[in-house]
Structures are given as C-alpha cells and as structure tokens.
Amino acid sequence: MLPDAPCVLEIKDAYKGFGTVEVLKGVSLSVHEGEVVALIGSSGGGKSTLLRCASLLERLDSGEIYFADRAIAKSAEVSDFTPEAGAANPRSSSIYLPKKELRSARAFFGLVFQNFNLFPHYTALRNITEPLMAVEKMDNKAAEARGVELLTKMGLAEKADAYPFQLSGGQQQRVAIARALAPSPKILYFDEPTSALDPEITAEILKIIRDLAAENMTMLIVTHEINFARNVADRVAFMDQGLILETGFAKELIDNPTNERTRAFLSKLGDND
Amino acid sequence: MSLETMVSMLLEGSLTSLTIFALTLIGALPLGLVVAFGRMAKNPLIRGITWFYISIMRGTPLMLQLFVVYFGPYYLLGIQSSPDWRFTAVITAFIINYAAYFAEIYRGGIESIDRGQYEAAEVLEYSSLQTFFLIILPQVIKRILPSLTNEVITLIKDTSLAFVISVSEMFTVAKAIVAAQKTMVAFGIAALFYYIFNAIVSFIMGRIERIFDFYKED
Ligand SMILES: Nc1ncnc2c1ncn2[C@@H]1O[C@H](COP(=O)(O)OP(=O)(O)O)[C@@H](O)[C@H]1O
Ligand SMILES: [Mg+2]
C-alpha cells in the first residue's frame, strides 16, 4: 500500500443498535486504496454488523460513511437531545443519500458472504452475467466475456454451466467472488469467507484472496484466520463489544498486541490451534 | 335419449366447466400474489384487512360464497341482475375464493426464501421489482408447485359447485339428464370426464414440476 493512498472506505464514529442492544458503539475505520484490512475479534463483537453497514444492508443510527470522496451517510446533530430516546447515540443521527443514489452507490463495493448466497436457479456463469445485464445493462456478449474471464481466473472455466447445487462449497465461494468482482468494484468486502468451508478447502479460497491482494485489490476482510491476516493483510483491526480497540500493521499487531483484550483474544486462538 | 346425445350434452357442459376452471386460474393466480403482498404488508391496516378476507374465504363454504356473490347485488343493493350475471358471479366467486388459497401458498413460499438471496440481490444493485421477479419468484414457484397442484386439482372438482346457481356446467347437465331420464348413466359419464380432466391436469403439472427440476436446492 502506498503510504498516502487516498481513502476508499471511511467510516466515522459509527453507532448501531438493534432494539435496546447496542452493537456498534462509536467505530471508526478507514481502508486506503490498494490496502487489505483484516477485521478480527471474538464473535458477537459487531464485525458483521460493521461490514453490513458498509454494504448498506444495515443503516447506521449515527455516524458517517464515505465511499472515496462521496458521502454516503452524514451525521446530523439531533436538536432535541433526549438521552432516553433509545438510539445508540442520541446526540446525532445519520442522514443517508436518497434511495436512488444509494442504490447506484452499491456499484462501489462487492460483498462476499459467509454462505455464498449464489442464486440457485442460475448457472455459475449466469450468476455472474445476469447482474451485469440486469443492472449494468451490459449486453449479452460483453457480460458473457466478463463472466468467462472471471471464472477462468477462479479456475472454474469448465464449471460455467454447472448450477450451484452441483458445485462444492469452495467452488461456490469462488463463483461468489467472481460475481462480486464482475462489476469492477473499488473495494471488496468479505465476511468470514471460509467459515462455512471444510478446513482443507479454506486454503483454496485464501489463495484467491491472496492473489487479489497481489493485484492491489482493496479489501476489507472479516476473518478468524489469524495467520492469513498476519501474512496477507496490511493492517488489522481488532474489534470487541462494539468497539475497535486496536489497529495496526498486521504483523506488529498480531505479534505484539498492546491492548489487553487483543492479547487475550490472540492467546486464546493460539491455545486452540 | 341416446347415449350419443347424452355425451354431446355433457361435452357441452364440460366446456363450461373448463371455462370456469381456466378463468379462475387466470384471475386467481395473479390476484393471489397481490393478496399475498397485502398479507405481508408493513401497513397493519392492509395486513389486517387481507387477513380478514383470507380467513372468510377459507373459513366459509365456497357454495355459500357463490350464493352471496350471486344474490348479493339484488338483496343488498337492490340491483336487478342481468342474465349474464349468473356466469360472471360464478367466476367472481371462484376467483376471490381461490385467490385467498393461492395467497397463503405464495406467502409460505416467499417467506421460506433465505434472506441471503435478498441481500445478495441488494448489494448487486437489483431493484425491489427485479429482486422479486428475477431472483425470488422463480425459486418460490419451484417450492410451491406441489401445493399449487393440489389446489388446481381441487378446483376441477369445485367447478361442479356452480350447479347451485344453475350455471350449466357439466354436473348441472348431468343432474338434469339423470332427473329426466331416470338413469344414473349421465353421472357415470360425468365422473369419467372429471377423472380424465384430472389426469390431464396432473400430467401437465407434473411436467411443469419436471421443468423446474433443472436445479436443486442444496
Ligand atoms: N439483526 C439483528 N438483530 C438483533 N441483534 C443483532 C442483529 N444482528 C446482529 N445482532 C447482534 O449484534 C451483536 C454483534 O453481532 P455481529 O455483528 O454478527 O458480530 P460478529 O460478526 O463480530 O460475530 C450480536 O450480539 C448479535 O446478536
Ligand atoms: Mg460475523
């Protein structure tokens, strides 16, 4: 990563609650161009929620989101301050772009889910081409060329006509990565992309992510694969109970965590391995 | 009356049955989808009204509904019904009754689709309409086809209920012949017609289910 690369994703002071449960309690995170950031932490810490907010699947209660220079959500002061209002941060609330602009803002990122979420009624190729045609209005030929190109890159050229149910978990996840890459997003999000896979298949997906990193793809990855985070990510953020407690260069943070809870989390992982 | 005359009269009646059957499907299949959306609406008033409508349609006999629709305009509004009304009333009653059943089938199917499908479509910038018609509905149809088949087969037999307001569908004709000729033969022939019609519809539905076998859920 270039030292002064511009921000691709910036989240400022994010608050998010579900009912009375506060899940994000003032999270700030930035990802720069060409950078790979790994988000680690014990489960229930709010990693998925943060990624879902960055994917616009959930709305922040308060806080800001920027895609490069473009403000997606901005914070506005709440004039009548009512501490008992129940919002995670009652002092301000997020104002999002209008619905239509929000929809097109989604072209900015790609999201890879833990359980793939391929469309079961489309072949591997059509999972990639259909969104290009339906949304990007790409013509049939161009979409197909793009689909074949990406499937080939994922080592799945010969599976183009297979339906998801005919593919292994690892193959399905590779199709899902291809689908997310197809519209050429500026950043790719992964939410535990290997957690639903057998351990021996995990390496196959991690290799693909490593290859993408080598191509300078900007990525934000929620993962439990600490070695992978250490070796592939530029930076690591440790998240716990709705807060990012520590961020740092991957090797430094993982080898020498300064925060008490990061240390506890990492040593617990070490014990389990 | 010769057997030939009997068969040709019944055939004529069966055309009416077939028309009731087809028009009901054409009306109730799309209407059911609209009702299903009402049943799942965010607005509690719309949801409540739809719930009430469905519960009435499913909780009272179709025969009674036929009477209400047929006589309603006269007794409730004092409108003298035209001769065409008989048939229109049958179609109306069948459509609003079957739409309620179809709505519940659609709803079950729609609610069974994984939330991840919506989310995948959403991050790929699909609009709500695209998501529903391109991603969700095809999967819903595959899942609900067996239940739809059941309803469609019930509908074939239900068409005979139109006799209660004297629409001359096959059963009405058969009943008239039996009464006039003092022989049960007409009933036998009608039964055979229904049975064959059923077999054809089952076969067609089976083929449609086979078409959707091109993929499986994992
Ligand atoms: N839609 C939701 N409704 C209610 N609670 C939720 C919802 N999504 C997440 N949570 C809660 O938020 C907390 C953080 O969840 P999550 O973001 O999935 O954490 P992580 O990905 O770090 O394991 C958990 O306690 C979870 O139960
Ligand atoms: Mg998670």
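Rules used in this analysis
- All residue numbers refer to positions counted from 1 along the written sequence of the respective chain.
- The lettering of chains begins at A and the numbering of ligands begins at 1, in the order of writing.
- Restriction of local features to residues with pLDDT of at least 70 applies here, the model being predicted, together with a cutoff of 80 or more for giving and counting side-chain atom pairs; totals for whole chains, interfaces and linings are based on all residues.
- With hydrogens and water stripped out, all remaining heavy atoms of the structure feed into the side-chain values.
- Elements are defined by DSSP. Helices are runs of H or I of four residues or more, strands are runs of E of two residues or more, and each kind is numbered from the N terminus.
- For the exposure calls, accessible area comes from a 1.4 Å probe over protein chains only, and a residue counts as buried if that area is under 20% of its type's maximum, exposed if over 50%, partly exposed in between.
- It only takes one pair of heavy atoms within 4.5 Å for two residues to be counted as in contact.
- A 1.4 Å probe defines the accessible area here, and the buried area is the portion of it lost by two parts on being joined, summed over both.
- Here, a salt bridge means any Lys or Arg side-chain nitrogen found within 4 Å of an Asp or Glu carboxyl oxygen.
- Counted as a polar contact is a pair of N or O atoms within 3.5 Å, where, for protein atoms, one must be capable of donating a hydrogen and the other of accepting one, and residues adjacent in sequence contribute only when both atoms are in side chains.
- Gly falls in the polar group here, along with every residue not listed as nonpolar (Ala, Val, Leu, Ile, Met, Phe, Trp, Tyr, Cys, Pro) or charged (Asp, Glu, Lys, Arg).
- A strand pair is defined by DSSP finding two or more bridges across the two strands.
- Only residues whose relative accessible area exceeds 30% and that form no salt bridge are eligible for patches; like-charged ones are grouped when within 9 Å, while nonpolar side chains (Val, Leu, Ile, Met, Phe, Trp, Tyr) are grouped when within 5 Å.
- The method behind every accessible area is Shrake-Rupley, applied with a 1.4 Å probe, and residues are considered shielded solely by the protein chains displayed.
- We call a residue near a molecule or strand when any one of its heavy atoms sits within 4 Å of it.
- Helix span is expected to be 1.5 Å times the residue number reduced by one.
- Comment: arc refers to directions from the helix axis out to C-beta atoms.
- Lines fitted to C-alpha atoms define the axes, with helix axes restricted to the stretch in contact, and inter-axis angles between N-to-C directions lie between 0 and 180 degrees.

(A) Fine view of unusual backbone geometry. Residue and element names in this part refer to chain A. Although it is not a glycine, Ser 184 adopts a positive phi angle of roughly 55°. Even without being glycine, Glu 192 reaches a positive phi, approximately 40°. With respect to the element layout, Glu 192 can be found in the loop between strand S8 (187-191) and helix H6 (199-214). For Glu 192, a relative accessible area of 12% corresponds to the buried category.

(B) Spotlight on the interface of chain B and chain A. Listed by partner, the interface residues are 22 residues for chain B and 28 residues for chain A. Of the roughly 2,300 Å² buried where chain B meets chain A, counting both sides, 59% is carbon and sulfur surface. Contact with chain A buries area across many residues of chain B, yet B:Val123, B:Leu124 and B:Glu125 alone supply 29% of it, more than any other trio. Between the two partners, chain B and chain A, sit two salt bridges. Of the charged contacts, one joins B:Glu122 and A:Arg106 as a salt bridge, the two residues approaching to 3.0 Å between their closest N and O atoms. At the surface where chain B touches chain A, the tally comes to nine residue pairs in polar contact (both at pLDDT 80 or more). Looking at which element gives the most residues to the side of chain B that touches chain A, the answer is helix H5 (residues 115-123) of chain B, with eight residues. The residue makeup of the side of chain B that touches chain A, split by class, is ten nonpolar, five polar and seven charged.

(C) Layout of the pairing of strand S10 (residues 235-240) of chain A. Residues and elements named next belong to chain A. Most of S10 is tucked away: six of the six residues are buried. Side chains Arg 235, Ala 237 and Met 239 project from S10 onto one buried face, and the interleaved Val 236, Phe 238 and Asp 240 project onto a second face that is buried too. The sheet contact formed by strand S3 (residues 36-40) and S10 spans four bridges and is parallel. The partner of Leu 39 across the bridge, within S10, is Ala 237. Here S10 runs beside strand S11 (residues 243-249); their pairing, made up of six bridges, is antiparallel. Directly across from Val 236, in S11, lies its bridge partner Gly 248. Turn length for the S10-S11 hairpin, with the two strands adjacent in sequence and antiparallel, is two residues, and the turn residue Gln 241 shows positive phi of about 45°.

(D) Spatial organisation of a nonpolar patch on the surface. Residues and elements named next belong to chain B. Nonpolar side chains collect at one region of the surface, where Met 63, Phe 67, Phe 71, Tyr 74, Tyr 75, Leu 76, Leu 77 and Ile 79 lie side by side and expose about 850 Å² of accessible area between them. Following the sequence through the fold, Leu 77 ends up in helix H3 (residues 62-77). With a relative accessible area of 61%, Leu 77 lands in the exposed category.

(E) Inspection of the site of ligand 1 at higher detail. All names here are of chain A. Neighbouring residues of ligand 1: Phe 18, Val 23, Ser 42, Ser 43, Gly 44, Gly 45, Gly 46, Lys 47, Ser 48 and Thr 49. A distance of 3.2 Å is found between an oxygen atom of ligand 1 and a backbone nitrogen or oxygen belonging to Gly 45. A distance of 2.8 Å is found between an oxygen atom of ligand 1 and a backbone nitrogen or oxygen belonging to Lys 47. Considered on its own, ligand 1 offers 560 Å² of accessible surface; in the complex 60% of this is hidden by protein. For the shell around ligand 1, the element with the most residues is helix H1 (residues 47-54), which contributes three residues.

(F) Looking closely at helix H4 (residues 140-153) of chain A. Residues and elements named next belong to chain A. Relative to the 20 Å expected for 14 residues at 1.5 Å per residue, H4 spans 20 Å between its end C-alpha atoms, a close match to the ideal helical length. Looking only at H4, the buried set comprises Ala 143, Arg 146, Gly 147, Leu 150 and Leu 151. End-on view of H4: buried residues confined to an arc of 130°, all on one side of the axis. Along its buried surface, H4 packs onto helix H3 (124-134) and helix H5 (169-181).

(G) Molecular detail of the environment of A:Thr129. All names here are of chain A. Position of Thr 129 relative to the elements: it lies in helix H3. The class for Thr 129 is buried, based on a relative accessible area of 7%. A sequence separation of 68 residues divides Thr 129 from Leu 197, and the C-alpha atoms of the two residues are 25 Å apart. Contact partners of Thr 129, with chain neighbours within four places excluded, come to Ala 143, Glu 144 and Gly 147.

(H) Fine view of the sheet that holds S8(A). Residues and elements named next belong to chain A. Pairing is mixed in the open sheet, where six strands are placed in the order S7-S8-S9-S3-S10-S11. With one partner strand each, in any of the chains shown, strand S7 (109-112) and S11 form the two edges of the open sheet. Taken over all neighbouring pairs, the strand axes of this sheet differ in orientation by 15° on average, direction set aside. Relative to S8, S7 runs parallel, the two sharing four bridges. Counted as the bridge partner of Gly 110 is Leu 188 from S8. Running over the sheet, H6 touches S3, S8 and strand S9 (219-222) and is turned about 155° from S9.

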